[in-house]
Amino acid sequence: MKIQRAELLISCGRIDQFPNEGLPEVAFLGRSNVGKSSLLNALVGRKQLARTSATPGKTRLIHFFEVVAGGEPVAFVDLPGYGWAKVSRKERESWGKLVEGYLENRAPLRLAILLQDLRRDFSEDETLLLDWLTERGVTWQVVITKADKLKPMRRARRLRELASQLDRKGHKLIATSSASKAGLDEVWRGILDRVRAPDPG
Ligand SMILES: Nc1nc2c(ncn2[C@@H]2O[C@H](COP(=O)(O)OP(=O)(O)O)[C@@H](O)[C@H]2O)c(=O)[nH]1
Ligand SMILES: [Mg+2]
C-alpha cells in the first residue's frame, strides 16, 4: 500500500479531548503486548509512528493518527491495551470509561480491528468485546498477530483452532506478521472496503 501521509494527530486521556469528527476512523484494540503498535507501524511503513515497547500497559491514552493511503484519507485510532494483571480496579474502570466513551459514541467509526496473538487462546475479554461491538452495530475484524512465530503447518492448524474457538460463522480471521509483513495487504483491503463503503449515516 502506498502511504502518502502518517502522523500523530493527538493523544487523549479524556473524552473531551477527542478531535472533531472528520475522517472515517479505524480503531485498533487488543490485549497489551499483542503487537498492536507493531502492526500499526507495519501498516503505514513507519518504524516508530506508534511506540512499541516491552513493558506493556503503560499507556492509557487514545492516540489518533492521520493517514492517507492509496489517496484515501483515514484516521487510525490506537486504543489502550487491556488485560494487565496488575492494574488496580480504579485504573481498569478509567480504561473502560475512555474506551467505551470512544466506541459507543463515535459516528465516524467504520471498523474496529481486534488483535489476537496466534499462540494465545481467545478469552472472555475478546468474546465479550466482540458481542458488545456487535450489539452496538460496530463492524469488526479479528486480526491474528505474530504469525511468523509458528511454522506453516502448525500455523494453519492453530488458525483453525482459533476460528473454531471464536465461533462466529462467516468471519474470516486475517493472519498477519509485522516481522515478515504477511497479511498486511489483506488488512488494508478490509480497511479500505469499510472506508469506501457508503456511510450508513
Ligand atoms: N516475531 C514477532 N514479534 C512481534 C510481532 N509483532 C510484535 N512483536 C513483538 O511483540 C512485542 C509487543 O509488541 P507491541 O507492538 O509493542 O505490542 P502492543 O503492546 O500490543 O503495542 C514486541 O517485543 C514486538 O517486537 C510479530 O509480528 N512477530
Ligand atoms: Mg503498544
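Quick caveat, the model's predicted, so the values are computed rather than measured.

A. View of the overall build of the chain. From N to C terminus, the chain includes 5 helices and 7 strands. Along its sequence from the N terminus, the chain presents helices and strands in the succession β-β-α-β-β-α-β-α-β-α-β-α. Here the chain has a C-alpha radius of gyration of 16 Å; the compact-globule value for 201 residues is 17 Å, and the two agree. For the chain, the C-alpha atoms occupy an extent of roughly 45 × 45 × 35 Å along the three principal directions. Each of the 201 residues in the chain was classed as buried or not, and the buried ones make up 32%. Looking at the chain alone, contacts between residues at least 24 apart form 73% of all its contacts between residues at least 6 apart.

B. Region of interest: helix H3 (residues 124–135). The terminal C-alpha atoms of H3 lie 16 Å apart, and with 12 residues this matches the ideal 16 Å at 1.5 Å per residue to within 8%. Phi for Gly137, located one or two positions after H3, is positive at around 75 degrees.

C. Layout of unusual backbone geometry. Even without being glycine, Lys146 reaches a positive phi, approximately 60 degrees. If you trace the backbone, Lys146 turns up in the loop between strand E6 (140–145) and helix H4 (152–166). With phi around 55 degrees, Asp167 is a residue other than glycine that occupies positive phi space. Note that Asp167 resides in the loop between H4 and strand E7 (174–175).

D. Summary view of the pairing of strand E3 (residues 62–69). Among the 8 residues in E3, 6 count as buried, and that is most of the element. Where strand E1 (residues 3–12) meets E3, 8 bridges bridge the pair, whose relative direction is antiparallel. Paired with Glu7 across the strands is Glu66, a residue of E3. Count of turn residues in the E3/strand E4 (residues 72–78) antiparallel hairpin: 2 residues, of which Gly70 carries a positive phi of about 55 degrees.

E. A look at the sheet that holds strand E5 (residues 109–117). Read from one edge of the open sheet, 7 strands run E1-E3-E4-E2-E5-E6-E7, paired in mixed fashion. One side of each edge strand has no neighbouring strand; the edge strands of this open sheet are E1 and E7. Pairing between E5 and E6: 6 bridges, direction parallel. Bridge pairing links Asp117 to Thr145 in E6.

Calculation notes
Residues numbered from 1 in each chain as written. Chains lettered and ligands numbered in written order. Predicted model: local features only at pLDDT ≥ 70, side-chain atom pairs only at ≥ 80, totals over all residues. Helix = DSSP H or I, 4+ residues; strand = E, 2+ residues; numbered from the N terminus. Rg over C-alpha atoms; globule rule 2.2 N^0.38 Å. Buried ≥ 20, exposed ≤ 12 C-beta atoms within 10 Å, placed from the backbone. Contact = placed C-beta atoms within 7 Å. Expected span 1.5 Å × (residues − 1). Pairing = 2+ DSSP bridges.

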